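One-letter residues, chain by chain:
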Amino acid sequence: MTDARAHTAVDNGRHEYMTERARADERAGVWSGSWVAERLGVELAGDDTLPALLGLALRRNPKRAHLLVSNVLGKHVPQSPSVVHGHGVTLGRRVRDLLGAEAAERAVVLGYAETATGLGHSVADGLGTAPYLHSTRRPVAGAARAGGFEESHSHATSHLLLPEDPALLAGDGPLVLVDDEFSTGNTVLNTVRALHERYPRKRYVVVALVDMRSPADAGRLEDFAREIGARVDLVTAASGTVRLPDDVLQKGQELVARYEALAAGPAGESRGAGKPGLAQSSRDGVTGADATAPGPDRAGASAQGTAWPQTPAPAPTPAPGTVARVDLHWPAGVPDGGRHGFTPAHRERLEAALPGMAGRIAEALPTDARRVLVLGFEELMYAPLRLARELEHTVDADVRYSTTTRSPVLAVDDPGYAIRTRLVFPAHDDPADGPGERYAYNVAGAGFDAVVAVVDSAADTPALHAPDGLLARLAAHSPHVLLAVVPSYLPQAPHASHAPERPPMLPEPLRGPDFSSYAPDEVGWLLQDLSDVTLEAPTEEREEAIQSGGAHYAESLPVEYQPSEQYQELFHAALQTSAARLARAVGAVTEVVLTERSPRPVLVSLARAGTPVGILMRRWAQYRHGRDLPHYAVSIVRGRGIDANALRWLADRHDPADVVFVDGWTGKGAITRELAAALSDFESTDGVTGFDPEIAVLADPGSCVRTYGTRDDFLIPSACLNSTVSGLISRTVLRADLVGPHDFHGAKFYRELAGADLSTAFLDAVTARFPDVADTVDAQVKDLLSADRSPTWEGWAAVERISEEYGIHDVNLVKPGVGETTRVMLRRVPWKVLARAGAGADLDHVRLLADQRGVPVEEVADLPYTCVGLIHPKYTRGATGADGKAVAL
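Residues numbered from 1 in each chain as written. Predicted model: local features only at pLDDT ≥ 70, side-chain atom pairs only at ≥ 80, totals over all residues. Heavy atoms only, no water.

Chemist: Which residues make up the overall build of the protein, and what values go with them?
Modeler: The number of helices and strands found in the protein is 25 helices and 33 strands. The proportion of buried residues among the 889 residues of the protein is 58%. With the model as given, the accessible surface of the protein reaches about 34,000 Å², and the carbon-plus-sulfur share is 50%. (Helix = DSSP H or I, 4+ residues; strand = E, 2+ residues; numbered from the N terminus. Buried < 20%, exposed > 50% of the residue type's maximum accessible area, 1.4 Å probe, protein only. Areas by Shrake-Rupley, 256 points an atom, 1.4 Å probe, with all protein chains shown as cover.)

Here it is, written out as structure tokens:
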């Protein structure tokens, strides 16, 4: 039998590695978390080693204002590279001892981007023979995705797994997962759940510098191990918890806002310039270069109404330092890190080349340099760490190591605060999620005689060398800056002989009346007809199978909901009330598509919710512009991606750049992310470029896309029903015994429900309002085209917050918005409905369904959506209430 246990191995003694800064602060009686602790009432409890390992800082975050700042990770706090590498190696050796020699030989190490990529690689060094892979947020052309997962607490959550060798994760040896801290356990559990479904194994080891789980989270790892039938061990350097007062989030957010305002200064003033306590901020000479907030005495006096002291005359700005390149002679064929896998053979070659590379850096350094920083770049942590460690043994200087980061953190110039200064500069590696600020902490004012910036070649761009770029920021604070570029490793393309065979032709789309009740020119379905296959299962059975991991939701269908007379009356009333509003949204999103996306768009709806919207957009183009747009419907499945055969069919007949994917609405944005990842994979496997992942939707309450008709969360009546408002077509099906490698995904045509079909009635009711709203649409489109429509992903952040607040710990069980809540009520086992206080008729049908199913509706103030549906988080058929309807935890 599988040993389904969770073990914890923690050093209780004082760790041998301590930072010089931590020792100095101990001697001075100053802990780098005391500033936050005093102001927020935060308490760090646990092992005696914790204050040496961790400090505290503040960030703007809707769920957690405080940030644990590691003194030994080499991310935010410059540290001796021997200390940083030593911590990882020590943990790796403990894992090796825990597993035993035989199991350790078969282990694979997986690290988390961006913070733990170097730590994970160092753990692999300690294991000795383990191959290493880290997750990445950088899609890479030619690299097929082996998986992915979400990091719920992070500011940038999507992770990709892109191993060059697909077999790297497919073995049955132990998988060692490495992160910098183990706080709630959500990230690790999400990863293991996703990988275990695809590559099941008997043993996992979770490694972290610190275990900071709350008592409420402490038992989840053991429960999870039992759930998946595997052994899960935990190895950490120290353990403890952060005790927070009830009002810590509000107080923390207020404190961050106050200090950011102080750092920003009056309008038109350089950030931090001339403010007392803003050490180093004026030395850069460029607006916005640095941001530090005032020290505690000045800030505290200001907060209490005491006058500010007189501003001293600004110190003279020193001349910027020199910037020069150093050629590392990086060994050919050795990856820059673990993004695509790093083998023991790679490690041997790197070890042999390190002395020579460090020697070249040493020769380029000024002879009188006494304090040197080697600065890595976001996920590129291991290569600069090893270069820094080798340089530490090569030169007679104090060598420190840290890296740049995406994470925005408040800087406060106080010895009791972990982030003393920050440099701000634009991203310089053309990130997939668009441009943005990046940061280097505790570099300004640290007295470095030289800084060696190590980046990969993908990041050696004009933005790096720009007047506001990273190199210029560093040169404002150090007299000598060296740039060392590591070639970005590109995985080898698979041999052509391994490419999957494909049939010469794919079938033509299905059309009504043979498949669907829509007219044949309204939509072509790139699906296969599974109408004669029994796929329906009771909702309760499906929910239990889905949540237990026994089945995927796309492998079966729910029994079609048959609306009561009262519910049908609500549908017709809602349609009458909202038809004009829907027509405006249809007109607006269609005009935006015609203006911005393509003058000859090919509408491709995501079946099935997107299909009525695609038809309405097609009708608007005909009514307003006389254009007859092609329109198809394709299948996309969460966790499985979009139908690749449908993409191949489209690419054979249309220019991919003209394809516009259409959906009804956004919830938290899961399908938006799924589509982007699937198209990236398709480009890698098929070499077909040009498909735009940007979805066009009627309503974007989650702020996930740029192309929408409205961002209001309102009732779209097509969400009220299932097939009877969607052409009598079922939700799509993807099951291996029914859908082969050369088949379209499947769906059913419910011909027997023709008497209850309202699909055409819905379309005609909205189309009839087109003339009434035409002028309003013109004004609305003008506003949309001139507005900043950049996605903010507010919906995803709200879902994460709700998931944690209600103890669900799985964003997939939180369905935001009227449309998604309706789906929960019709297809899943609902737990409860959260409704915005004062929500009106848009929720009448939800309240009726909730009453019929015995589901409580809870009014919530400040809900960003009109409503949110919560799926029962621990559903088994035994969890239903005594009345057979209500569900209870």
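Chemist: Lay out unusual backbone geometry in plain terms, naming residues and giving numbers.
Modeler: Only a minority of non-glycine residues have a phi that is not negative, and only a minority of peptide bonds are not trans. The residue after A113, namely E114, is reached through a cis peptide bond having omega -5°. Inspection of the secondary structure assignment puts E114 in the loop between β5 (108-111) and α6 (117-127). Of the consecutive residues A607 and R608, the connecting peptide bond is found in the cis state with omega at 0°. Assignment of secondary structure puts R608 in the loop between β23 (602-607) and α18 (610-625). Although it is not a glycine, N442 sits at a positive phi angle of roughly 60°. Its location among the elements puts N442 in the loop between β16 (437-441) and β17 (450-456). What makes N442 buried here is its relative accessible area of 7%. At W793, a position not held by glycine, the phi torsion is positive, near 60°.

Chemist: If you had to explain the packing of aromatic side chains to someone new, which residues and values would you point to?
Modeler: Counting across every chain of the model gives 13 aromatic pairs. Ring-pair connections join several aromatic residues into one group, and the members of that group are F515, Y518, W525 and F749. Over the aromatic face of W796 sits the side chain of R673, whose NZ or CZ is 3.9 Å from the ring centroid. In this structure, K832 packs its charged tip against the face of W831, placed 4.6 Å from the ring centre. (Phe/Tyr/Trp six-rings, centres within 6.5 Å; stacked < 30°, edge-to-face > 60°. Lys NZ or Arg CZ within 6 Å of the ring centre and 35° of its normal.)

Chemist: Give me the nonpolar core: which residues, what numbers.
Modeler: By size, the foremost hydrophobic cluster in this structure holds 111 residues, and its most contacted members are L58, V176, V207, L365, Y417, V452 and L474. Among residues more than four places away in sequence, those in contact with V176 are V95, A107, V108, V109, L110, V123, L127, V205 and V207. A609, F691, A696 and Y750 belong to the second-largest nonpolar core, a separate cluster that totals 86 residues. (Core = buried A, V, L, I, M, F, W, Y, C linked by side-chain atoms within 4.5 Å. Contact = heavy atoms within 4.5 Å.)

Chemist: Now, about the pattern of salt bridges: what can you tell me, with residues and values included?
Modeler: For the coordinates displayed, the defined rule picks out 40 salt bridges. With its nearest N and O atoms 3.5 Å apart, the salt bridge here joins D429 to R138. On the criterion of sequence distance, the pair formed by D429 in the loop between β15 (422-426) and β16 and R138 in the loop between β6 (132-134) and β7 (147-150) is long-range, its members being 291 residues apart. Residue D429 shares its accessibility class with R138, and that shared class is buried. (Salt bridge = Lys/Arg side-chain N within 4 Å of Asp/Glu carboxyl O.)

Chemist: Could you give an account of the pairing of β17, naming the residues involved and the relevant values?
Modeler: Of all the seven residues making up β17, seven are buried; the element is thus mostly covered by neighbouring parts of the structure. Bridge count for strand β13 (residues 371-377) against β17 is four bridges, and the pairing is parallel. Residue pairing across strands places L375 opposite A453, the latter belonging to β17. (Pairing = 2+ DSSP bridges.)

Chemist: Could you give an account of the packing of α18 against helix α22 (residues 770-786), with specific residues and numbers?
Modeler: Interhelical geometry of α18 versus α22 gives an angle of 85° and a closest axis separation of 12 Å. On the basis of the axis angle, α18 is roughly perpendicular to α22. On α22, the residues that touch L616, R619, W620, Y623 and R624 of α18 are F770, P771, V773, A774, V777 and D778. Broken down by class, the residue content of the contact of α18 with α22 amounts to eight nonpolar, no polar and three charged. (Axes fitted to C-alpha atoms, helices over the stretch in contact; angles between N-to-C directions. Parallel < 35°, antiparallel > 145°, perpendicular 65-115°, else oblique. Nonpolar A, V, L, I, M, F, W, Y, C, P; charged D, E, K, R; others polar.)

Chemist: Requested: an account of the sheet that holds strand β12 (residues 322-325), with residues and values cited.
Modeler: Paired through their backbone hydrogen bonds, the strands of a sheet run either parallel or antiparallel. Across the sheet, which stays open at both edges, the five strands sit in the order β12-β18-β17-β13-β14 with parallel pairing between neighbours. The open sheet has two free edges, formed respectively by β12 and β14 (398-404), since each of these has just one partner strand. Averaged over neighbouring strand pairs, the angle between their axes works out to 20° when direction is ignored.

Chemist: A description of α22 should follow, citing residues and the corresponding values.
Modeler: The terminal C-alpha atoms of α22 lie 23 Å apart, and with 17 residues this matches the ideal 24 Å at 1.5 Å per residue to within 8%. Of all the bends in α22, the greatest measures close to 40° and is centred on T776. Within α22, burial applies to F770, V773, A774, V777, V781 and L784. (Expected span 1.5 Å × (residues − 1). Bend = angle between axes of the 7 residues up to and from the residue.)

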